[in-house]
Amino acid sequence: EELLAYYLDKVEELLPVDRARFRKHYDGFVLVRLAQVMSVYGREGLGKGKEYFLASVPLALEAMCDLLDCGSAGAPLPELRRAVADARRRLVRP
């Protein structure tokens, strides 16, 4: 939250920002970005054999689950929630 506030402060030095409106949609954009990142992790880790990319998959899944569980992504997204939770259960070992 502190980092987001800092970035918004910097943007406001250049142009006006409706912080409430921005915040309302922010988590949805974070979720989309995490999905894009997961694609890169898969391509680089599985496709190109760079195993260190695969080490980041559990963290990304955890972040996606957090966003989907708290309902702040802007829509319920039940199928995505189930798919991410299933992947997390399969990949994240206790």
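My aim in this report is to walk through the structure given alongside it, one point at a time. (Residues numbered from 1 in each chain as written. Predicted model: local features only at pLDDT ≥ 70, side-chain atom pairs only at ≥ 80, totals over all residues. Heavy atoms only, no water.)

1. Things to note about helix α2 (residues 19-47)
Right, on to step 1. With 29 residues, α2 extends 40 Å from end C-alpha to end C-alpha; this agrees with the ideal 42 Å at 1.5 Å per step.
Right, on to step 2. Within α2, the full set of buried residues consists of Asp27, Gly28, Leu31, Leu34, Val37, Tyr41, Glu44 and Gly45.
Right, on to step 3. Where α2 is buried, its residues contact α3 (51-54), α4 (57-70) and α5 (78-91).
Right, on to step 4. Phi for Gly49, located one or two positions after α2, is positive at around 75°. (Helix = DSSP H or I, 4+ residues; strand = E, 2+ residues; numbered from the N terminus. Expected span 1.5 Å × (residues − 1). Buried < 20%, exposed > 50% of the residue type's maximum accessible area, 1.4 Å probe, protein only. Contact = heavy atoms within 4.5 Å.)

2. Comments concerning the packing of α4 against α5
Right, on to step 1. Across the interface, α4 lies against α5 with an axial gap of 9 Å and an inter-helix angle of 145°. Between α4 and α5 lies a crossing whose hand is left-handed. Of the residues in α5, those in contact with Val57, Leu61, Glu62, Met64, Cys65, Leu68 and Asp69 of α4 are Leu80, Arg81, Val84, Ala85, Ala87, Arg88 and Leu91.
Right, on to step 2. Its residues placed into classes, the contact of α4 with α5 shows 10 nonpolar, no polar and 4 charged. (Axes fitted to C-alpha atoms, helices over the stretch in contact; angles between N-to-C directions. Left-handed = near helix turned anticlockwise from the far one by under 90°. Nonpolar A, V, L, I, M, F, W, Y, C, P; charged D, E, K, R; others polar.)

3. Overview of the packing of aromatic side chains
Right, on to step 1. For the coordinates displayed, the defined rule picks out 4 aromatic pairs.
Right, on to step 2. Residues Tyr6 and Tyr7 carry aromatic rings whose centres are separated by 5.9 Å and whose planes lie at 55° to one another, so their mutual orientation is tilted.
Right, on to step 3. Given the relative accessible area of 44%, Tyr6 is considered partly exposed.
Right, on to step 4. Judged by its relative accessible area of 48%, Tyr7 is partly exposed. (Phe/Tyr/Trp six-rings, centres within 6.5 Å; stacked < 30°, edge-to-face > 60°.)

4. Quick look at the pattern of salt bridges
Right, on to step 1. In the structure shown here, the tally under the stated rule is 13 salt bridges.
Right, on to step 2. Its salt-bridge partner being Lys48, residue Glu44 comes within 3.3 Å of it at the nearest N-O pair.
Right, on to step 3. Given the relative accessible area of 7%, Glu44 is considered buried.
Right, on to step 4. By relative accessible area, Lys48 is classed as exposed at 53%.
Right, on to step 5. Overlapping salt bridges bring together Arg43, Glu44, Lys48 and Lys50 as one network. (Salt bridge = Lys/Arg side-chain N within 4 Å of Asp/Glu carboxyl O.)

Read these as geometric descriptors, not functional statements.
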